[in-house]
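# Breakdown of the fold
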Amino acid sequence: MSWLWTILGLIFLLDVVRMRGRAAAIPALQPSDEPVDLEHRFLVAEGVELDPATRRAASAHARQHGLAVLDLVPTGMSWYDAWGTFQVFDPAEYRKDRLGRGVSFGHAVLVTKDVLARAEVDEAERRDALALMRTVANLKRFACTTTYMAVAPGLVARPYDPERRLERLRELVGEGANVVLVGVPVVVLILTAAMITGWPWAGPLTLAAFHLQPALSFVGSRLRVKGLPISVLLRPLLELVAWAGLVAERTPPAPPTRPEPAQRAEYQHLLEDGLDPLFEERRPTCPICDSSELQKWIEVGDLLQNKPGRFALDRCRACAHIFQNPRLSIRGLDFYYKDFYDGLGGENLDRIFGASGEQYLERARMVEGKVEPARWLDVGGGHGHFCCAAREVWPETQFDGLDLSESIEEAKKRGWVDEGYRGLFPDLAPTMANAYDVVSMSHYLEHTREPQAEIEAAGQALRDGGVLLIEVPDPDCPMARILGRLWLPFFQPQHQHLVSVKNLERLLRERGFSPLVWHRGRAHIKVDFLAALVLALNWMAPEPGVPWRPVKRGAAALRTTVFTLALPAFVVARILDAVVGTVVTRSGGSNAYRVLARKVGVEAAV
């Protein structure tokens, strides 16, 4: 076993190199005699003193480096807080990451008046350290490439509230906090095993590397981190004490966006006539080929929000099209979409969409060599994540977005879209006739009631020779049969159509489009097993406190317990996604595909 512990010790030391580089990468403010810029404002946490000299230096630094949001890093913070923050904060990627959340040390931040206004942040509001961290996390969305941080030598670190460390951890890493809660005792057990089985030299050397990590990372840095000597002597014990504090902490729920009684009353009103008004009559024929040879394909409940109802997908024996039958009514769409993409679910979805940057870039690059886009319309654009990311590929392009929800208005405020349209694409398309070089629909068409009408609308909005980019789930993916109801792209009740490659090509050609490029394996998203696990756990332990479900005692504790105990399963799911996903894509399968098609006119396409 000695070789194993030697490798672990080397991993600890390599992590020191990474951490030391991160700490050294943050610049320090330089003294300045210039007055604070009139456009600059400061948000300062309660109990923190920000002297005039530091304000002047911060303002000069922001002007020099073109920053709209500048978080001020204090000196003299504890080794534990510094270590935890730099584990998740990478200065080399932070400013370039257009979709990432803002990170703050929770002491003070410089913000321009424009960003404060667009983010609707009240400068005069009193904030503790945690509230300031949450504010900065949001502010970066309004200054996605002009947010950074700098060490403020004159800003002295104040201890964080010891009773809210778990909240702070969740703010930094989200649900990854559960990994920390499980990981700390596991690491201590591993080190104990190393000492027992790696004696007389490999085990002690591994333990020594663990003890020395914080000191080697921060000694001599401009952060002037405190407590390094004691961390060298007692780190495992200190980690366990801190872990016990996290476990014992009771995290209060985040305040709702509206009073809970009003939320519950609203959902009770939506359900006062039962579930029947949420559905239309069952359709007897296929919406693609009009065949009456239909078979029930799958039936499932709402595994996403756990709202009431059962949803059926039928499959056409003639053309293999899969569609929701009976489909949701307009009232049903309003009910099941409510609090998913905005409202109560908006923040969580924002995090998820923000983690998909490389997929957005793949889509944006697909049009290279086919068209030089001056104007691009993203349909179903949500908060504008794709448009924001795509600017990295097409910095001179005007990106507009269209969505049915209020999220598109938020995208406009953030500056992630140049123009935001709210409404149904077929209704708005006549007002956009021949206006765009590219129209994109990424994981949008499967949500629509009439895919044919959406493609026709794209034909109206595009200039002659313009291109339509569509990405949708691939119902022919073998994972659909393997995972069944737990296959994420079934996504009931939101997905109303699962259109195969063959059927989408038919729809495109019939409406004046000529397919240019197809991506199948390249569009695969390696999340099948992970998503199936989350759906299963979500069914076992639904989100507590939501206004469409009755209050149940112990629901929050059950959910935390279930998801924490399932952490090993999450590791296995990720491994399976990496391995099986590679096999699936190499064999020509995929859980999604994309197509780029040129507008050529109906006669030419046929």
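We now turn to the structure provided with this report. A quick note: this is a predicted structure, and the numbers were derived from the prediction, not measured. (Residues numbered from 1 in each chain as written. Predicted model: local features only at pLDDT ≥ 70, side-chain atom pairs only at ≥ 80, totals over all residues. Heavy atoms only, no water.)

## What about the pairing of strand E9 (residues 398-403)?
The element E9 is extensively covered by neighbouring structure, given that five of its six residues are classed as buried. Note that strand E8 (residues 375-379) and E9 share five bridges and pair parallel. The partner of valine 379 across the bridge, within E9, is leucine 402. The parallel pair E8 and E9 is bridged by helix H15 (residues 385-390), and the resulting crossover is right-handed. With four bridges joining them, E9 and strand E10 (residues 419-422) adopt parallel strand pairing. (Buried < 20%, exposed > 50% of the residue type's maximum accessible area, 1.4 Å probe, protein only. Helix = DSSP H or I, 4+ residues; strand = E, 2+ residues; numbered from the N terminus. Pairing = 2+ DSSP bridges. Right-handed = clockwise from strand over helix to strand, strands pointing away.)

## Let's talk about the environment of tyrosine 160
By secondary structure assignment, the location of tyrosine 160 is in the loop between strand E4 (147-156) and helix H7 (165-173). Residue classification places tyrosine 160 among the buried positions, given a relative accessible area of 8%. Along the primary structure tyrosine 160 and arginine 95 are separated by 65 residues, whereas in three dimensions their C-alpha atoms are 26 Å apart. With residues up to four places along the chain from it excluded, the contact list for tyrosine 160 reads Asp81, Phe105, His107, Ala129, Arg165 and Arg168. (Contact = heavy atoms within 4.5 Å.)

## Some thoughts on the packing of aromatic side chains
On inspection of all chains with the given rule, the structure shows 19 aromatic pairs. Between phenylalanine 279 and phenylalanine 311 the ring centres are 5.8 Å apart and the planes differ by 35 degrees, which places this aromatic pair in the tilted class. Of this pair, phenylalanine 279 sits in the loop between helix H11 (260-270) and strand E5 (294-301) while phenylalanine 311 sits in strand E6 (residues 310-316), and the two are 32 residues apart along the sequence. Of the residues examined, phenylalanine 279 reaches a relative accessible area of 18% and is grouped as buried. (Phe/Tyr/Trp six-rings, centres within 6.5 Å; stacked < 30°, edge-to-face > 60°.)

## Quick look at unusual backbone geometry
Excluding glycine, a negative phi dihedral is what most residues carry, and trans is how most peptide bonds are arranged. In this structure, proline 326 follows asparagine 325 across a cis peptide bond, with omega equal to 5 degrees. Structurally, the position occupied by proline 326 is in the loop between strand E7 (322-324) and helix H12 (330-337). Of the consecutive residues glutamine 492 and proline 493, the connecting peptide bond is found in the cis state with omega at 10 degrees. Phi at alanine 320 takes a positive value of approximately 70 degrees, unusual for a residue other than glycine. Among the secondary structure elements, alanine 320 is positioned in the loop between E6 and E7.

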